[in-house]
Structures are given as C-alpha cells and as structure tokens.
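Geometric and topological summary
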Amino acid sequence: MLLPRRTFLAGAAGVLAAPRMLFAQAATDRRFVFIIQRGAADGLHTVVPYADPAYAALRGALAIDPASATKLDGSFALHPSLQEFGRLYTQGQALFVHAVASPYRDRSHFDGQNVLESGGTAPYQLKDGWMNRLVRLLPQRGKEAIAFAPTVPLALRGAAEVSSYAPSALPAANEDLLLRVQQLYEGDAQLHALWSAAMDAQNMAGAAGQGGKRQDPAELGRVAANFLAQPQGPRIAMIETGGWDTHSAQAPRLAAQLRNLDALVAALREVLGAAWQQTVVLVATEFGRTAAANGTGGTDHGTASAALLAGCAVQGGRVIADWPGLAASALYEGRDLRPTQDLDALIAATAADAFALDRDRVARALFPEMRAGRALPRLVRA
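Residues numbered from 1 in each chain as written. Predicted model: local features only at pLDDT ≥ 70, side-chain atom pairs only at ≥ 80, totals over all residues. Heavy atoms only, no water.

This paragraph deals with the packing of aromatic side chains. A complete count under the given rule lists eight aromatic pairs for this structure. Geometrically, the ring pair formed by Tyr89 and Phe96 is stacked, given 5.7 Å between the ring centres and 25° between the ring planes. Taken individually, Tyr89 and Phe96 each receive the classification buried, so the pair is uniform in this respect. (Phe/Tyr/Trp six-rings, centres within 6.5 Å; stacked < 30°, edge-to-face > 60°. Buried < 20%, exposed > 50% of the residue type's maximum accessible area, 1.4 Å probe, protein only.)

Shown next as structure tokens:
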C-alpha cells in the first residue's frame, strides 16, 4: 500500500487493538523509547503503596496483597505481573516515579492524550508533538526520522520528517511477487525510492516483522529492537499500547495488560543485546484512576498515576515519590491520588539526561508552557 512520502506504509496496518511503533533517527548511540499507555493506567495497581494505611480500605478486593508483589522498599511494591521490571529494579536498571501527572485535570482520554503528546498545558493548544521537537534538538544523520505505525501519533508529528511503517497482519508476499513489483517501479524515481525504503525497513525488522500473524507484545518488542539495534538504525522510538481503561473487572484485565507490557520490555532487552546498555525506556499514561474501587470491580478516571523507567542506562533501583497519602483529606478533589510530580518535567529530564543535553533547554523546547517545579535527581547514567 503506497502513501505520500511522509506517511509511507511498508505493509498493511496491523490489528486495530495491537500496539504500534514509531521511530525517529538521530546521530547518537543512546536509544530513547517512549511507551504510552492509552486509556489511563492505574498507577496504584502498578506500583502499589502497600504501607499507606488507607490503601487496603479504599481498594477492597482490588488491593494487591504485598506478599504476592515484588517489594521495592518499605512503602511500595510492584504488581506481580511485572516480573521483568522487578528483575531490572534489583539490577539497578529500573526506577518508578509515583504521584505524577501532566498539567491536564479534566479526565477526558482524548484531551488528556492530546496534552500528554503535544506537550501543551491545555488540549489542542499545540499542533506538533514533544517527541518531534526532541528529534530537532539532536544532530541528524541520513533520514531525519522514520516512523513505524499505520499513522503517526501526535507526539511525533511536526517539522522533523517522519515516514511510517507497520508490520503487516497479511500473509507475507512471495519472492516472485516482490521481484515483479520491484521491476514495475524501477522506471519511476519516486515509487522506486519508496519501494526501496520499504524493503530496507522490512529487512531491518527481520523475521519478527513478517506478515501472516498477529503481533503480540513480545513480538512487537522484538521488531522494535531489531530496528534499534542496527548501527545505522533509529535512536528514538514510540510504542503505543491500549486497553488500560479498566472501569470493570480490573484485577484480571490489568494483570494481563501488565504481563504484556512486561513481555514487550523483556523482548526489547533481549534482542537489543549490547545496545541495551545505551537504552532508556519511559512508560507513562495520560492520567491515573480513582483511589477507591467502584461497584463493578474497577476504577474510574482519576488524576495522578505512576511512570516507569527501564534500561541499562537508567540509574535505577529506587522509587521517586513525594507521597501525598491516600487519606480522604489528602485526595485530589476528594477522589484521586494527588499529583506531586509533573510528568512534563519527568519526560524532559529523562530525555535531557539520555542525550546529555541541558535540562532547561530541553524543557523549554519540549514543553514551552511548563512552569518551574520540583527538580528531579539524575535519572540516566552519564
């Protein structure tokens, strides 16, 4: 399927519910991967404040038994589905930031994701995305940017050139068909260039990117890692995951979601090999969920959540939290975990540390309206 140069698809779009990938290229050995959790992931279910006196009462049957979780310190534990993140934490390669939120407060998924991806302080305030602005801060080599997705999400839209590719769910084409298409396009300079770029991308994806089967999270992680591990491959990536909107039956649904996220990151680490030493992965969501469980075994749209960082380049083995508490008087608007850390500041600091850039400069470029707030400790090894 052929599209204009900025949005070229090398293969058909995958299943709608499957995660999607985007990549941008820059002249650096560091890899920066942003995983967005669309649907408002419950940070209290992910990084569990088991020592807070109000936690168990608010959550009832949804409360995670700390005996089954991975204890991080005397206050927090990790959901038992996050086994890979737990191992990375003990190895000093993962850290968690709690009670974190973007500037958005009105609990609409679409508006919240727009604010998170654009880097503004209000929905539709900015037209491009903070990841695209990050690409423009880095020295370029070859193509300015390459994206792997049926469409380019807002976070990567902007002046930096981004084309797109998605692994196909259709059966892989045979060699004879590929040769015929190549011969057909040879006489057209534009189509031949697009076809060559598509074949290069398919070869870089390797066996994990071949068509004919649904892309599970681990396979998606392998495809992403195949690209990121290449010496001339992309250095900035975005991976979309959905299904985090758990109004009902949250316990089994989030257990499966977190296992999938864990498998994705485990596959990234495994296939990246030596390149994992230079990798930083940031996982975040548009907002959190209510502190109390609702009447259908789930939680409703909230405010603060938890963000996860992983990678051998991360200065891990810690939880960063100015914990506000879950007592009724401490909750935001009487219902949500109160934000004490700005997600914008966390993203800016992570990106700056990853690429050895000045934090203030990165913050101004990525989040033009961001107000000065609490300084974060160093997040990535020099």
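This paragraph deals with helix H9 (residues 250-272). For H9, which comprises 23 residues, the first-to-last C-alpha distance of 32 Å matches the rise-based estimate of 33 Å (1.5 Å per residue) to within 8%. Following H9 by one or two positions, Gly273 has its phi on the positive side, about 60°. (Helix = DSSP H or I, 4+ residues; strand = E, 2+ residues; numbered from the N terminus. Expected span 1.5 Å × (residues − 1).)

Residues Phe32, Phe34, Trp130, Ile236 and Leu346 are the most contacted members of the largest nonpolar core, which totals 46 residues. Every element with two or more residues in this core is listed here: strand E2 (31-37), strand E6 (94-101), helix H5 (130-135), strand E7 (236-241), strand E8 (279-285), strand E9 (305-310), helix H10 (343-354) and helix H11 (359-366). Per-element accounting of this core gives the leading share, eight residues, to H10. Membership of the second largest hydrophobic core comes to 36 residues, among which are Ala41, Leu82, Leu254 and Leu308. (Core = buried A, V, L, I, M, F, W, Y, C linked by side-chain atoms within 4.5 Å.)

All right, on to the sheet that holds strand E4 (residues 70-71) then. The sheet built from three strands is open, its strands ordered E3-E5-E4 with antiparallel pairing. The open sheet has two edge strands, strand E3 (47-48) and E4, and neither has a second partner. Examined bridge by bridge, E3 and strand E5 (residues 77-78) share two bridges and lie antiparallel to one another. Paired with Val48 across the bridge in E5 is Ala77. (Pairing = 2+ DSSP bridges.)

Following both chains from N to C, one finds H10 and H11 inclined at 125°, their axes separated by 9 Å at the closest point. The orientation of H10 with respect to H11, classified from their angle, is oblique. As H10 packs across H11, the resulting crossing turns out to be right-handed. Here Ala348, Ala349, Ala351, Ala352 and Asp353 of H10 come into contact with H11, specifically with Arg359, Val362, Ala363 and Leu366. Here the residues of the contact of H10 with H11 sort into seven nonpolar, no polar and two charged. (Axes fitted to C-alpha atoms, helices over the stretch in contact; angles between N-to-C directions. Parallel < 35°, antiparallel > 145°, perpendicular 65-115°, else oblique. Left-handed = near helix turned anticlockwise from the far one by under 90°. Contact = heavy atoms within 4.5 Å. Nonpolar A, V, L, I, M, F, W, Y, C, P; charged D, E, K, R; others polar.)

Counting across every chain of the model gives 13 salt bridges. One salt bridge in this structure joins Asp42 and Arg59, with 2.7 Å as the shortest N-O distance. In this pair, Asp42 sits in the loop between E2 and helix H1 (43-46) while Arg59 sits in helix H2 (residues 55-59), placing the two residues 17 residues apart along the sequence. Each member of the pair, Asp42 as well as Arg59, carries the same accessibility label: buried. With a closest N to O distance of 2.5 Å, Glu84 and Arg269 form a salt bridge. (Salt bridge = Lys/Arg side-chain N within 4 Å of Asp/Glu carboxyl O.)

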